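Each chain, written out:
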Amino acid sequence: VKAMNLSRFPFVAMANCVVNATGAETNEPIPVTMLVPGFTVRELPVALTNLTSLEYDAHGRLWALGYDGRIHILTDSDGDGIEDTAKTWWEPKDAKAFRGPIGMKVTKNGVYVASKGKISLIKDTDNDGIADKEEIIATGWKEAFTAVDATGLALDKEGNVYFGLGCADFSN
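So, here's what we can say about the structure. Note that the coordinates shown come from a computational prediction; the quantities given were computed from them, not determined experimentally.

Cut-off values and rules
- Residues numbered from 1 in each chain as written.
- Predicted model: local features only at pLDDT ≥ 70, side-chain atom pairs only at ≥ 80, totals over all residues.
- Heavy atoms only, no water.
- Helix = DSSP H or I, 4+ residues; strand = E, 2+ residues; numbered from the N terminus.
- Buried < 20%, exposed > 50% of the residue type's maximum accessible area, 1.4 Å probe, protein only.
- Contact = heavy atoms within 4.5 Å.
- Areas by Shrake-Rupley, 256 points an atom, 1.4 Å probe, with all protein chains shown as cover.
- Pairing = 2+ DSSP bridges.
- Axes fitted to C-alpha atoms, helices over the stretch in contact; angles between N-to-C directions.

## Some details on the overall build of the chain
Logical step 1: When helices and strands are tallied, the chain shows 1 helix and 12 strands.
Logical step 2: Relative to its 172 residues, the chain shows a buried fraction of 32%.
Logical step 3: Looking at the chain alone, contacts between residues at least 24 apart form 43% of all its contacts between residues at least 6 apart.
Logical step 4: Accessible surface computed for the chain: about 10700 Å², of which carbon and sulfur atoms make up 54%.

What follows is the structure, encoded as structure tokens:
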């Protein structure tokens, strides 16, 4: 069973400060409830923050997309089943290259990233283990005023890319 550091991921990390029943703020962690018996939760011994997406590739490596647009590959260096090393695979040259990157899909051709205003394919064109090219494969839709608009990614058997678009009023 793979252990996952849920405290480092957005759905837990965004709730660093919780209001208790009395209305007072507390910094105590939110209890984690596992839905499937037999799984455990352990903190990974890597220092990454602001992760928005995770995916295992066909070789068992864990890929992580950060809100800053960086893509990391996490691996298990000692064979204990826990990812304990992180290597930055992609770092945008411009800090504003990605706005709200919250979806990724790892493929043999590279990593697709959904971010506000575009879908990108990040590639390692010289096969040195570090990505060096961003290819924008979709753009041009009317952007929502919210921080994110393109969400999630999926590919079909033919390699067609599908993604969701958010809206200005998510409650509608």
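## Section: the pairing of strand S3 (residues 51–56)
Logical step 1: One ladder, built from 5 bridges, connects S3 with strand S4 (residues 62–66); its direction is antiparallel. From the neighbouring strand, glutamate 55 faces S4, where its bridge partner is tryptophan 63.
Logical step 2: In textbook terms, the turn of a hairpin is the stretch between consecutive antiparallel strands, and for S3 and S4 this stretch comprises 5 residues, one of which, glycine 60, has a positive phi near 85°.

## Concerning the side chain of serine 53
Logical step 1: Relative to the elements of secondary structure, serine 53 occurs in strand S3.
Logical step 2: Using a relative accessible area of 10% as the deciding quantity, one classes serine 53 as buried.
Logical step 3: Leave out the neighbours within four places in its chain, and serine 53 touches Trp63, Ala64, Leu65, Ile102, Gly103 and Met104.

## A look at the sheet that holds strand S10 (residues 133–139)
Logical step 1: Taking strand neighbours across the sheet as the criterion, the 4 strands line up as S7-S8-S9-S10 in an open arrangement whose pairing is antiparallel. The sheet is open, and its two borders are formed by strand S7 (103–107) and S10, each paired with just one other strand. Each adjacent strand pair in this sheet contributes to an overall mean axis angle of 20°, direction not counted.

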